[in-house]
2 protein chains.
Amino acid sequence: MADAAVRTKKPATSKRTPAGGAPTAPHTAAEASDPRIDVARVTDLLLGTWGETRREAREMIKNPAFWRIEGQPMAEHRERVLTQLHLLAEHGGSRRALPEEYGGQNNNGANLAGFMELVLADPSLQIKSGVQWGLFGSAVFQLGTKKHHDAWLRGIMDLSIPGAFAMTETGHGSDVAAIGTTATYDPETEEFVIHTPFRGAWKDYLGNAALHGRTATVFAQLITGGVNYGVHCFYVPLRDESGEFLSGVGGEDDGVKGGLNGIDNGRLHFDQVRIPRFNLLDRYGQVAADGTYSSDIPSPGRRFFTMLGALVQGRVSLDGAATTGTALALHIALTYANQRRQFDSGAGTEEVVLLDYGKHQRRLLPLLAQNYAQFFANDELLRKFDGVFSGRADTTDEREDLETLAAALKPLSTWNALDTIQEAREACGGSGFLAENRMVGLHHDLDVYVTFEGDNNVLLQLVGKRLLSDYATQFKGKDAAALVGFAARQTAGKLFHGAGLRQLGQTVADLGSTARSVELGLREDQQHDLLAGRVQQMVADVAAALRPASRLSPAEAAALFNSHQVELIEAARAHAELLQWEAFTDGVNGIGDDGTRQVLTWLRDLFGLHLIEKHLAWYLINGRLSTQRAASVSRYIDRLAARLRPHAQDLVDAYGFAPEHVRAPIASGAERARQDEAREYHAALAASGEAPVSEKSLKKASHAVG
Amino acid sequence: MADAAVRTKKPATSKRTPAGGAPTAPHTAAEASDPRIDVARVTDLLLGTWGETRREAREMIKNPAFWRIEGQPMAEHRERVLTQLHLLAEHGGSRRALPEEYGGQNNNGANLAGFMELVLADPSLQIKSGVQWGLFGSAVFQLGTKKHHDAWLRGIMDLSIPGAFAMTETGHGSDVAAIGTTATYDPETEEFVIHTPFRGAWKDYLGNAALHGRTATVFAQLITGGVNYGVHCFYVPLRDESGEFLSGVGGEDDGVKGGLNGIDNGRLHFDQVRIPRFNLLDRYGQVAADGTYSSDIPSPGRRFFTMLGALVQGRVSLDGAATTGTALALHIALTYANQRRQFDSGAGTEEVVLLDYGKHQRRLLPLLAQNYAQFFANDELLRKFDGVFSGRADTTDEREDLETLAAALKPLSTWNALDTIQEAREACGGSGFLAENRMVGLHHDLDVYVTFEGDNNVLLQLVGKRLLSDYATQFKGKDAAALVGFAARQTAGKLFHGAGLRQLGQTVADLGSTARSVELGLREDQQHDLLAGRVQQMVADVAAALRPASRLSPAEAAALFNSHQVELIEAARAHAELLQWEAFTDGVNGIGDDGTRQVLTWLRDLFGLHLIEKHLAWYLINGRLSTQRAASVSRYIDRLAARLRPHAQDLVDAYGFAPEHVRAPIASGAERARQDEAREYHAALAASGEAPVSEKSLKKASHAVG
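Model, not experiment: these values are computed from the prediction.

Any chance you could explain the overall build of chain A here in plain terms?
Regarding its fold elements, chain A presents 26 helices and 14 strands. Residue burial in chain A is summarised as follows: out of 706 residues, 63% are buried. A sequence separation of at least 24 residues applies to 75% of the contacts in chain A between residues at least 6 apart. Working note: accessible area of chain A is about 23,800 Å², and carbon and sulfur atoms make up 53% of it.

Listed below in structure tokens is the structure:
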């Protein structure tokens, strides 16, 4: 029902003033003789497995109380977002993930699906919610045990305990293992002493730290009996009821940021702050009253990664939010491009609609295809996440696959978000730069998504190491063991469907779709061969280059690895692109409706060819494409773009955004109305007989007479 | 002197803690056995022809009154920037361009050089100055005649007449010829009636329009005696002394923007507003008291482009400001990358300095090379501009060359600014997202540079049309005339040095530098052949594709042109890249000092190879590079990057920024100080004998005992 409401409110974009001699395709699918997508069905597909929850969340944020106010000063914006968090908790938005016994719904997939949509209201709301429930709350839930849950989960859920997630330090971000904060156990008092030994060990960039956090989950080196057992997480009260820091706790405001200024990021430091032994979140490591340390996971490294892995949901959530934010920018830019006219074509007709320009199709439509791929990939990721966190499929292998998948997809979707939002804003010219049209705000807010919750390059390097070790496992040989030893120690795994990294070189399930795209040059199986073959080759090349590492000194081996860091990251990116392409393809192949499947197959082809074009030099150098074939890739893309042009409005309408989600005046139909007014003015003037003649026509006339 | 002061104040980055087993090159040129640049000499080179003026401007903006306050609310920011403009006028910063008789210095090059530097203080200051003096003031000066100069120039200069430049309309941005505002002459009263006939014809996005403008130079269709003589510029009072709109004038605030919020952009509309005949800025077109129109330029099209061309300085200025803003971001990110450490290398030594990572070198150093190229190219552009506007070399051809050059360089430098600032900010992780570290603010403010003063894609298309017509002139044949007729009508031209588009295929002056870069794979002349050959081939390909246009209907011809729009824009981009490369090469070849020339030759090679790598697929498809040669390009780049790594700090120090220009805490040396503190803490702890042992070492020990 919500969905129907959405589409009845959209601007009437299918009414079109015909322009004789228009240089390209029709503007809407209705005008074209083409097949056409079933918009409502595609909305279902894009909203995915937890579409119901996403629709609920979208319905909730139609309330203007949740909307970002552009240009609001930081202090007011922070208070507004805090109020929104309370409102969200009242709406039950914070309870989906928790177990039933704490008033929750124990529905992990739905929980993240609902949170992702908040990006449409205000990304600060999305991220501050993420801090409170996804990071701070999850740390208590995932790293704590029943006693902690009983003590704090309800307060966290209803926001009576607002908290910060204190992991990153000024001196150490991505390298969490090296943080400086210490938690030293004192058996005399059965307390941990939380301490910041130097300035670089201040906790930094923490949401809720500057103002609202009463408590924090603090990551620190656990020291007991003179031994450092590595990083563990502690529940540390920060402020009293009046908001004043407790004794020994101090901090600073991070001040204005590039975006997300509705969140009170700040710094914290601790001067011998004592907390009860109880406050160690001790699911993976316990300290007895006498100070004896114990853990079910004997390896310190594996224990550390297990704790960190429990917090993977941040990345899953960012992947989805970035995808949805990108969709909003594309909805705005393509709706505008389908109405705005500029310059006559030289054919003496009306001015040309922006989306009829070859360049405009080329700059936006491949990004639309990419965004569709991200929706399908994110749904796969979300299902994987739900499987693990619901306990239905919670094995070590599944957890590692989930982490690898999140580490692969989050970088691509967040970078794509920035690139796409920027292109969308530029495609709208000066009006794209006005805050009211949303795109600049989205770019500002989503900027940090590429470096937080795991810096994108660091994440891709992790994926690359996983690919190397899988490769070594696959081709066990004389040097493979050494190779595995050098790269990260991870077992071979199964990603999306528990079926392993899709066997390299294996073709995807062919559901008779081959014929549909053959005329556009590269069929589905050829696209897959090219994309998958590239991953395989790149991984094999890096593995071969690193093979001598086992015979080198550690310093030399490190230097060798460093000299191939760029290629390893590129291999991981290629792998992530393949995952997105496969998810899109699986999604398309499951569609029953012919028109929808046809149009989305074109869109998938555009995505595949866009990827192949991006890496065309690689395909040529590695003999995967002839120069003739390579030369035709760009032409195929142009033809696909022209073919998809009439479907552009349907495809962005299928995002299912209501006017309350879009809110950008340039996507409201105002542009079309202004053009109609101008046209009527000129027509009336011409009819009145009082229109001035142009100097040019005058010159021509006088020339004819002369 | 200013320069010496700059460098004595810079953080002492040459002190370095040696790290045994560091995986890459030395951190400073002083440590390397390499040649080394003469930093002061390179600063001179970068500051270029009007270095003196740029140093004066930099000295002036050391005054904190000129600095942007991060996070300042819009209303206060607007007032602050207005105050800065008054301060600037008091410092004489507004008088450099004007003729001596109005208290000016008649020094056009110096004028723009000085304005460009304001971007370091606050881009809003740079652009609001540009609105007042570069657009509004220039319109009066360039499009008006002596009577207008006498009446208004002094007031414009001293800011007693703040004004807006009212060209763009809501309905028409890049397509100025199609604006809707009318100026109808009434011979009865000898007045022009300025009128906005419909909403789409509201003037929009105008700096100074929302609040501060008392007057505007309004572009409107000049109608007299029932004939429309096309777009002309009129001087139209807007507000009274108290800031209230005059009768018939109305407007709106554009509100919050993606950046530049120190400028009061707004909209204006006119309801039959009468102004004296005197107020037509009549240098290129006059209306006599009886309404008779006259002009020295009989062709309406050429007259229009002449008027618009008089305003080219905005693009020249943006090219320079974008280049300087980019330099600031690179200075910050590379200084930080040279201090910040993260992750140990696996070699058991100290954590690795970011700039030692292969990926970090790869992501920043080619952008540094590109920025250097932009400095050299901008100085050439500035000299060209000065030649034309001083009258020393003011011919139609020179003006057209200047416009083409500006239209080619401004898009590249402004896009590069956004890409580079973004990469710089990401390279600094979370601290890069804090406003205090400058990069996010630079990105926000410079965002609109890519779409205003000529949308980048529209500008490149103009350049592409010029290339086509030059090509047709060069190869006059049966179809060439038709080709020229279809593309923009421009004569063949001379760009940088009045020597023509450097003859395609011609090698650059070889001053014995060939041998220097041969070991890195592609010598100077090979780089030039590849870059220039690509331009020639792309232009020839588009020309061939468009040849049938002459035999087609206007609508079909327009469709054909549209289907090659993307390639035409790419050809123009290739041309602009070649111009940058040539400017860099000419600059390098003129250097006397061996060390400086050597290092800058590597940097130029890195730029050239970076361009070739970007277009590698094209070179392969077109048979310009063998696959073997192509495969080695990336390796050459890696080696050049590693070779340049020790020089990175020298190269960004050579920008000559003082701490008052940089202002980013992360580039202040604070990071190094924090590391020193942490290192001392750990050393003292170890010395005390009370340092906890690690669990790992304990396990090893127990294993050994067991």
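When you look at the nonpolar core in this model, what are you seeing that I'm missing?
Grouped burial of nonpolar side chains is what soluble globular proteins tend to show. By size, the foremost hydrophobic cluster in this structure holds 358 residues, and its most contacted members are Tyr372(A), Tyr655(A), Tyr372(B) and Tyr655(B). Among residues more than four places away in sequence, those in contact with Tyr655(A) are Thr43(A), Leu46(A), Arg58(A), Ala327(A), Leu330(A), His331(A), Leu368(A), Asn371(A), Tyr372(A) and Phe375(A).

Explain the sheet that holds strand β8 (residues 266-270) of chain A to me, please; I cannot follow it from the model alone.
Strands belonging to one sheet form pairs held by backbone hydrogen bonds; the direction of such a pair is parallel or antiparallel. All names here are of chain A. Read across the open sheet, the three strands follow the order β4-β8-β7; overall the sheet is antiparallel. Of all the strands in the sheet, just β4 (203-206) and β7 (249-253) have a single pairing partner and so form its edges. Recorded for the sheet is a direction-independent mean angle of 25° between the axes of neighbouring strands. As paired strands, β4 and β8 are joined by two bridges and run antiparallel to one another. Counted as the bridge partner of Leu206 is Gly266 from β8.

Quick question: what am I supposed to make of the packing of aromatic side chains here?
Centre-to-centre distance and the angle between the planes together describe a pair of aromatic rings. For the structure on display, the rule yields 38 aromatic pairs over all chains. With centroids separated by 5.2 Å and ring planes inclined at 70°, the aromatic side chains of Phe165(B) and Phe219(B) adopt a geometry described as edge-to-face. Within this pair, whereas Phe165(B) is found in strand β1 (residues 163-166), its partner Phe219(B) is found in strand β5 (residues 215-224), the two being separated by 54 residues in sequence. Judged by relative accessible area, which is 9%, Phe165(B) ranks as buried. Taking the centre distance of 6.4 Å and the plane angle of 45° together, the rings of Phe584(B) and Phe607(B) count as tilted. Linking Phe584(B) in helix α19 (residues 565-589) with Phe607(B) in helix α20 (residues 594-614), this pair joins segments that are 23 residues apart in sequence. The buried category is assigned to Phe607(B), whose relative accessible area is 0%. Counting every residue linked through ring pairs, the aromatic cluster contains Tyr372(A), Phe375(A), Phe376(A), Phe584(A), Phe607(A), Tyr655(A) and Phe657(A). Note that Arg399(B) overlies the ring of Phe389(B), its terminal NZ or CZ placed 5.0 Å from the centroid. Cation over ring: Arg534(B) sits above Trp618(B), and NZ or CZ is 5.4 Å from the ring centre.

Just checking my understanding: could you explain the relation of the copies chain A and chain B for this structure?
Both copies of the chain are tied together by a single rotation about an axis and a shift running along it. Overlay of chain A on chain B (RMSD 0.0 Å): rotation 180°, translation along the axis 0.0 Å. The symmetry that links the two subunits is that of a two-fold axis. Of the C-alpha atoms belonging to chain A, the one lying closest to the rotation axis is found on Ala617(A), 2.1 Å away. Take the interface residues of chain A: 100% of them recur as interface residues in chain B, which is what a same-surface contact looks like.

What exactly am I supposed to notice about the domain arrangement of chain A here?
For interface size, the figure often reported is the accessible area lost on association. All names here are of chain A. As far as domains go, chain A holds domain 1 (51-311) and domain 2 (314-653). One C-alpha centre belongs to domain 1, the other to domain 2; they are set 31 Å apart. Counting residues at the interface gives 27 residues for domain 1, matched by 33 residues for domain 2. On inspection of domain 1 and its partner domain 2, the count reaches one salt bridge. One salt bridge connects Arg68 with Asp445, and the closest N-O pair in it is separated by 2.5 Å. Along the contact surface separating domain 1 from domain 2 lie eight residue pairs in polar contact (both at pLDDT 80 or more).

Can you help me understand the UniProt feature "domain: Acyl-CoA oxidase/dehydrogenase middle" (unreviewed entry) in chain A in this one?
In the UniProt entry, the feature "domain: Acyl-CoA oxidase/dehydrogenase middle" (unreviewed entry) is given for residues 164-273 of chain A. End-to-end, the C-alpha atoms of residues 164-273 of chain A are 16 Å apart, and along that stretch the chain is 0% helix and 45% strand.

Looking at this model, I keep getting lost on the interface of chain A and chain B. Mind explaining?
Each side of the interface is counted separately: chain A has 98 residues, and chain B has 98 residues. Here chain A meets chain B over a buried area of about 7,900 Å², counting both sides, of which 61% is carbon and sulfur. Considering only the surface of chain A that becomes buried against chain B, Lys359(A), Phe433(A) and Glu695(A) emerge as the three largest contributors, covering 9% of it. One can count six salt bridges joining chain A with chain B. The shortest N-O distance in the salt bridge between Arg303(A) and Glu695(B) comes to 2.6 Å. The interface formed by chain A and chain B includes 42 residue pairs in polar contact (both at pLDDT 80 or more). A breakdown of the residues in the side of chain A that touches chain B according to their chemical character gives 41 nonpolar, 30 polar and 27 charged. In the sheet, strand β6 (residues 227-237) of chain A pairs with strand β14 (residues 693-694) of chain B via two bridges, with the strands oriented parallel. Paired with Asn228(A) across the two strands is Ser694(B), which belongs to β14(B).

Just checking my understanding: could you explain the packing of helix α9 (residues 313-337) of chain B against helix α11 (residues 396-427) of chain B for this structure?
A pair of packed helices can be characterised by two numbers: the angle between their axes and the separation between those axes. All names here are of chain B. The contact between α9 and α11 brings their axes to 8 Å, and the two run at 20°. One finds that α9 runs roughly parallel with respect to α11. Our pair here, α9 against α11, has a crossing hand that is left-handed. Touching Arg315, Val316, Leu318, Asp319, Ala322, Thr323, Thr326, Ala329, Leu330 and Ala333 of α9 are Ala406, Leu409, Lys410, Ser413, Thr414, Ala417, Thr420, Ile421 and Ala424, all from α11.

Where do I start with empty space enclosed by the protein in this structure?
Which parts of space are left empty comes out when a probe the size of a water molecule is rolled across the atoms. Under the defined criterion, the tally for this structure stands at 12 cavities of 30 Å³ or more. Its volume calculated, the largest cavity comes out at about 640 Å³. Along the walls of the largest cavity sit 38 residues, with Gly71(A), Asn261(A), His444(A), Gly71(B) and Asn261(B) positioned nearest its centre. Mapped by element, the contributors of at least two residues to the lining of the largest cavity are α4 (74-90) and α13 (439-446) of chain A together with α4 (74-90) and α13 (439-446) of chain B. When the residues that make up the lining of the largest cavity are grouped by side-chain class, the tally is 14 nonpolar, 16 polar and eight charged.

What's the story with the environment of Gly430(A) in this structure? I'm lost.
Residue position: Gly430(A) is located in helix α12 (residues 429-432). Overall, Gly430(A) belongs to the partly exposed group, its relative accessible area being 26%.

Explanation requested: the pattern of salt bridges in the structure shown.
Where charged atoms of side chains with opposite charge meet at close range, the side chains can pair. Applying the stated criterion across every chain yields a total of 90 salt bridges over all chains. Across the pair Glu117(A) and Arg54(A) runs a salt bridge, and its minimum N-O distance is 2.7 Å. Here Glu117(A), found in the loop between α5 (108-116) and α6 (123-143), pairs with Arg54(A), found in helix α3 (residues 51-60); they are 63 residues apart in sequence, far enough to count as distant. Across the pair, Arg54(A) and Glu117(A) agree in class, each one buried. The salt bridge involving Glu436(A) is made with Arg267(B); its shortest N-O contact spans 4.0 Å. Here the residue Glu436(A) occupies a position in the loop between α12 and α13, and Arg267(B) occupies one in strand β8 (residues 266-270), the pair thus bridging two chains. Overall, Glu436(A) belongs to the partly exposed group, its relative accessible area being 35%. Looking at Arg267(B), the relative accessible area reads 9%, which means it is buried.

Would you take a moment to explain the sheet that holds β8(B) for this structure?
Residues and elements named next belong to chain B. Taken together, the three strands give an open sheet; going across it, the order is β4-β8-β7, and neighbouring strands pair in antiparallel fashion. The sheet is open, and its two borders are formed by β4 (203-206) and β7 (249-253), each paired with just one other strand. Ignoring strand direction, the axes of neighbouring strands in this sheet form an average angle of 25°.

It is not clear to me how the packing of helix α17 (residues 524-546) of chain B against α20(B) should be interpreted in this structure. Could you clarify?
Residue and element names in this part refer to chain B. In contact at an axis separation of 10 Å, α17 and α20 are set at 35° when each is read in the N-to-C sense. In the crossing of α17 with α20, the sense of the turn from one axis to the other is left-handed. Contacts from Glu524, Gln527, Leu530 and Leu531 of α17 reach α20 at Arg604, Asp605, Gly608, Leu611 and Ile612. Its residues placed into classes, the contact of α17 with α20 shows four nonpolar, two polar and three charged.

Would you take a moment to explain α13(B) for this structure?
Every α-helix winds through 3.6 residues per turn, so residues three or four apart in the chain are directed the same way. Across the eight residues that make up α13(B), a large majority, eight, are buried. Every buried residue belonging to α13(B) is among Met439(B), Val440(B), Gly441(B), Leu442(B), His443(B), His444(B), Asp445(B) and Leu446(B), and all of these are buried. On the buried face of α13(B), the contacting elements are α11 (396-427) and α13 of chain A together with α6 (123-143), α9, α11 and α12 (429-432) of chain B.

Criteria and cut-off values
Residues numbered from 1 in each chain as written. Chains lettered and ligands numbered in written order. Predicted model: local features only at pLDDT ≥ 70, side-chain atom pairs only at ≥ 80, totals over all residues. Heavy atoms only, no water. Helix = DSSP H or I, 4+ residues; strand = E, 2+ residues; numbered from the N terminus. Buried < 20%, exposed > 50% of the residue type's maximum accessible area, 1.4 Å probe, protein only. Contact = heavy atoms within 4.5 Å. Areas by Shrake-Rupley, 256 points an atom, 1.4 Å probe, with all protein chains shown as cover. Core = buried A, V, L, I, M, F, W, Y, C linked by side-chain atoms within 4.5 Å. Pairing = 2+ DSSP bridges. Axes fitted to C-alpha atoms, helices over the stretch in contact; angles between N-to-C directions. Phe/Tyr/Trp six-rings, centres within 6.5 Å; stacked < 30°, edge-to-face > 60°. Lys NZ or Arg CZ within 6 Å of the ring centre and 35° of its normal. Least-squares fit on C-alpha atoms with pLDDT ≥ 70 in both. Domains from an automatic or database assignment. Salt bridge = Lys/Arg side-chain N within 4 Å of Asp/Glu carboxyl O. Polar contact = N/O pair within 3.5 Å; in protein donor to acceptor, adjacent residues only side chain to side chain. UniProt positions renumbered as here; feature names shortened; annotations may be inferred. Buried area = accessible area lost by both parts, 1.4 Å probe. Nonpolar A, V, L, I, M, F, W, Y, C, P; charged D, E, K, R; others polar. Parallel < 35°, antiparallel > 145°, perpendicular 65-115°, else oblique. Left-handed = near helix turned anticlockwise from the far one by under 90°. 1 Å grid on protein atoms, 1.4 Å probe; cavity = no way out; pocket = protein on both sides within 12 Å on 5 of 7 lines; lining within 4 Å. Points joined across faces, edges and corners; volume = space filled by probe spheres on them.

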